[in-house]
Amino acid sequence: MCGIGGILRITPPGEAARAAAALPLREAIPEAWLDILDESIRHRGPDGQGRFRDRAVRADGAVVDVALVHRRLSIIDHAGGTQPMVAAFPRAETEGRHAGSGSEQAALLFHAEPDDLVHYQRTPGAESVTGFVAVVFNGCIYNHRELRRELQAAGHQFVTDHSDTEVILQGWRQWRTGVFERLNGMFGIGLWDGRTGMLTVARDGFGEKPLYSIEAECEGSTLIAFSCCVPGLLRIGSLDGVSVSGYWRSSLAGCVRPWILFGWNQAPSAPSLHEIRAGQITSWPEAQPDDHTSFGHHSWTAPWSYEFMNPTGQQLTEADVDTLLRRAVHSRLEADVSLGLFLSGGIDSALIAAYASEVRPDISAYTVRMPETGLDESAAAARTASHLHIRHHILDCDPKPAEDLVTIIRQLGLPFGDSSLLPSLWVSRAARAELRVALAGDGGDELYLGYDRHVAMKWLRRLGRLPHESRQALAHAASIGGGRGRRLDRVSRLLNASAHGGYKDLVAVFPQPYSALLGLMQENGSGWSETGHFGMTFSSLPPADESMMDVLSLRFDRAFYLPCDLLRKTDTASMSAALEVRAPMLEPDHARAAINAPISCLMPKGRRKGLLRQVARRYLPAEIVDRPKMGFAIPIGDWFRTDYGGLRTLLYDRLSSREPFGPDALGINSMINMGYVRRMLREHDDAGGRGIFPWKGRDHSQRLYMLLVLSIWADWLARVRSSSGSAPRA
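(A) The arrangement of the overall build of the protein in detail. A count of helices and strands for the protein gives 30 helices and 19 strands. The proportion of buried residues among the 730 residues of the protein is 62%. Within the structure as shown, the protein displays about 26,700 Å² of accessible surface, and the carbon and sulfur contribution to it stands at 50%.

Here's what the structure looks like:
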């Protein structure tokens, strides 16, 4: 688990390429640019650092320079797992290739302690080879030992003892891009192949590990930068001499709108900044006609796509789940550092604890005592640990909501609107004092349908049979009393969804008509496009097509909500504290089986997570299995009223400022109806009994949180934009 980044500079054939080929490697891509990337990933890897530089001259005369950056969180093979990891191509492997490096231009390598100054050395073997392959890797490969044995049988000689990184390196030499499909794990990978002069990046099938890229022009050359963290890429794009087409548009409306609606999005918020999608492989520059290697911009079949292709599904039994989940947990217990597990009061983490204790009976479980008694699950977790006879530790967190929120949004570089990011951060910090690796139950609700909205799907179908005018009337009647109690609010939300955006309105932070009141209307008068921002059509489905409507809803959760919200939150929070979190629920064989199963199988008698509960009864008592779902939340609405941790002060300071969403050049202020924002503030206070007219109250907890996050992010983005020229030009 690490921080990774890199820059590719492609100079087209001609005089510019000849000048580029004459430059020393350290001058082709300024070291200050790498420092910018390194600064944004430093928190993810406190145990070491490394950099790599190389150059290839392609057959058409184009010159390709590459620089890779790495920060290490050492989990497996402390001695051998140093990155960037480099291997040389013997001359026999490079015959017929059209790019060259090695003796033509000695590659440079740097490995050191975290705070050492950068000092390159010639890559070992540079004098006698014609090319290198180098990799930077963030994540963990759980089947690395099996792949190592397979590669050794094929004649590959390994240098390290048990590094999972070297499996990627040697696997590339054997299978090229096919190696990514063989990896059972979570990963973001950047891989340079000096034979072809190409950089390839890849991301795991569920998107557990983040990966982003940006494309720009610089003095006649094309720049490609990639990283697991957005801030470094945005700063690269703001440098003098670097031109990113469409990057700083006068308005970011088309990019920011989905963030406000959902609190998350499948792609970052700048037009030329791209998120490498889950299961995607991308290579730069494009392969040349005589290159028969399997390169390009494509994806392997990510696990969630099976469900969409096969909506009828295959039956899944208790015994199947028991076998698959046990195998998944056991495969994720290897580490050369302290490993434990997060334990909440729910069944996902309890089942993982039961399976883990079979192999490691001495494993410890950790629960963080939350600052609000009503949301604290430590007592329930203690009962689970006692039943399983595993050691249990209750940790106290030190929350500083306002300060932590500003810090984590700037670190993420995206306007992420899920307030559970804060408790996830506090849990990770507290656990990091005891652990380096933790197992968690991420993915259980998405695979086994554990949310209230999954139960609500059948009610949406039934309401869908009513005339649209009737649904609108019901939604309007419910809205009059909405927000005065959790149950009434949920009924109001359901009726509103049936009258407007369907399932997406159940997920949205700003469902209709809130999105319209805020000013997020499209030009066609609708706040939602036909397929939304996620490539799926809901409203075009006939109401009778219940199975397909449910399939699309679940695909929404598994293909978008899971990687863009849940997994992004887990990665951001845990890696802020340099803690590796593993999700056994997302093991490919187990996940694929759950995704292919019909809804009636996963939810017997319509009960949330019914199949998984049946499995849990084999190991846990009824009081644990049947305990109501609490969720991982904080009382953000109450904190906005009481100023807990300075949150009310931060909220009002931000939303009452002259430019609450950054300078006008960003174009966000003009998108938002500030009159309605002020109304939300009043209504939220009234709902808590603080206002003058309590009967007009309405809880806007998550909506105000989203706007606060957007304000923090916009202010940070404006500072990045104004910092151009902070690093030298090439």
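Let us keep going from here.
(B) Representation of empty space enclosed by the protein. This structure, assessed with the given rule, holds 5 cavities of 30 Å³ or more. Counted as a void, the largest cavity has a volume near 160 Å³. Contributing to the lining of the largest cavity are 17 residues, with Arg44, Cys228, Leu412, Asp571 and Thr572 lying nearest its centre. Taken together, the elements giving at least two residues each to the lining of the largest cavity come down to helix H14 (401-412) and helix H22 (546-576). When residues of the lining of the largest cavity are assigned to their parent elements, the largest contribution, 5 residues, is made by H22. Every residue lining the second largest cavity is counted, 16 residues in all, and those nearest its centre are Met1, Ile76, Gln83, Asp164 and Thr165. Residue assignment for the lining of the second largest cavity shows that the elements contributing at least two residues are strand S7 (132-141) and helix H6 (164-175). Of all the elements, S7 adds the most residues to the lining of the second largest cavity, at 3 residues. Among the residues making up the lining of the second largest cavity, the classes are represented as 7 nonpolar, 6 polar and 3 charged.

(C) Fine view of the pattern of salt bridges. Under the definition given, this model contains 41 salt bridges. In this structure, the salt-bridge partner of Asp452 is Arg490, at a minimum N-O distance of 2.8 Å. Taken together, the residues Asp452 in helix H17 (residues 452-463) and Arg490 in helix H19 (residues 486-499) connect sequence positions 38 residues apart. Arg490 sits in the partly exposed class, given a relative accessible area of 41%. Here Asp626 makes a salt bridge to Arg617, at a shortest N to O gap of 2.7 Å.

(D) View of the pairing of strand S2 (residues 48-57). Along S2, 9 of the 10 residues are buried, which leaves the element largely enclosed by surrounding structure. Note that S2 and strand S3 (residues 63-72) share 10 bridges and pair antiparallel. Following the sheet pairing, Arg55 is matched in S3 by Asp65. If you look at the hairpin formed by S2 and S3, you'll find 5 residues sitting between the two strands, and Gly61 has a positive phi there, around 95 degrees.

(E) Broad picture of the sheet that holds strand S5 (residues 108-112). Taking strand neighbours across the sheet as the criterion, the 8 strands line up as S6-S5-S2-S3-S1-S11-S10-S12 in an open arrangement whose pairing is antiparallel. Pairing within the sheet leaves two strands with one partner each, and these edge strands are strand S6 (121-122) and strand S12 (273-275). Both strand S1 (residues 2-11) and S3 contribute to a ladder of 10 bridges, which runs antiparallel. Of the residues in S3, the one forming a bridge with Arg9 is Asp65. Each of S1, S2, S3, strand S10 (212-218) and strand S11 (221-227) touches helix H3 (residues 31-41); the most contacted strand, S1, lies at about 155 degrees to it.

(F) Spotlight on the sheet that holds strand S17 (residues 391-396). Overall, parallel pairing links the 5 strands, which are arranged S17-S16-S15-S18-S19 in an open sheet. Each having just a single partner strand, S17 and strand S19 (580-582) make up the two edges of the open sheet. When the angles between neighbouring strand axes are averaged without regard to direction, this sheet yields 35 degrees. Judged from the 3 bridges that link them, strand S15 (residues 339-342) and strand S18 (residues 437-439) form a sheet pairing that is parallel.

(G) The arrangement of unusual backbone geometry in detail. A cis amide bond links Gln83 with the next residue in sequence, Pro84, at an omega value of -5 degrees. By the secondary structure assignment, Pro84 is in the loop between S3 and strand S4 (85-88). Following Gln512, the chain continues to Pro513 via a peptide bond in cis, the omega torsion being 5 degrees. With respect to the helices and strands, Pro513 occurs in the loop between helix H20 (503-507) and helix H21 (514-518). Even without a glycine there, the phi angle at His389 is positive, about 60 degrees. Mapped onto the elements of the fold, His389 is located in the loop between helix H13 (378-388) and S17. Overall, the relative accessible area of 69% leaves His389 in the exposed class. Positive phi outside glycine occurs at Lys605, with the angle close to 60 degrees. Note on placement: Lys605 falls in the loop between helix H24 (599-602) and helix H25 (610-616). Judged by its relative accessible area of 89%, Lys605 falls in the exposed class.

(H) Local environment of the pairing of S7. Summarising burial for S7: 10 of the 10 residues are buried, a large majority. Bridge count between S4 and S7: 4 bridges; the pairing is antiparallel. The partner of Val86 across the bridge, within S7, is Ala134. Both S7 and strand S8 (residues 185-193) contribute to a ladder of 9 bridges, which runs antiparallel.

(I) A look at helix H29 (residues 674-687). Helix length check: H29 (14 residues) gives 20 Å between terminal C-alpha atoms against 20 Å at 1.5 Å per residue, within 8%. Residues Met674, Tyr676, Val677, Met680, Leu681, Glu683, His684, Asp685 and Asp686 constitute the buried set of H29. Tucked inside the fold, the buried residues of H29 contact H21, helix H27 (636-642), helix H28 (647-655) and helix H30 (701-721). Where H29 begins, the side chain of Asn673 points an oxygen toward the backbone nitrogen of Gly675, at a separation of 3.0 Å.

(J) A look at the confidence of the model for the protein. Summarising the model, the protein shows a mean pLDDT of 86, and 84% of its residues fall at 70 or more. The low-confidence segment residues 523-546, where pLDDT is below 50, has 50 contacts with residues more than four positions distant or belonging to other chains.

Cut-offs used in this document
- Residues numbered from 1 in each chain as written.
- Predicted model: local features only at pLDDT ≥ 70, side-chain atom pairs only at ≥ 80, totals over all residues.
- Heavy atoms only, no water.
- Helix = DSSP H or I, 4+ residues; strand = E, 2+ residues; numbered from the N terminus.
- Buried < 20%, exposed > 50% of the residue type's maximum accessible area, 1.4 Å probe, protein only.
- Areas by Shrake-Rupley, 256 points an atom, 1.4 Å probe, with all protein chains shown as cover.
- 1 Å grid on protein atoms, 1.4 Å probe; cavity = no way out; pocket = protein on both sides within 12 Å on 5 of 7 lines; lining within 4 Å.
- Points joined across faces, edges and corners; volume = space filled by probe spheres on them.
- Nonpolar A, V, L, I, M, F, W, Y, C, P; charged D, E, K, R; others polar.
- Salt bridge = Lys/Arg side-chain N within 4 Å of Asp/Glu carboxyl O.
- Pairing = 2+ DSSP bridges.
- Contact = heavy atoms within 4.5 Å.
- Axes fitted to C-alpha atoms, helices over the stretch in contact; angles between N-to-C directions.
- Expected span 1.5 Å × (residues − 1).
- Polar contact = N/O pair within 3.5 Å; in protein donor to acceptor, adjacent residues only side chain to side chain.
- pLDDT = per-residue confidence, 0-100.

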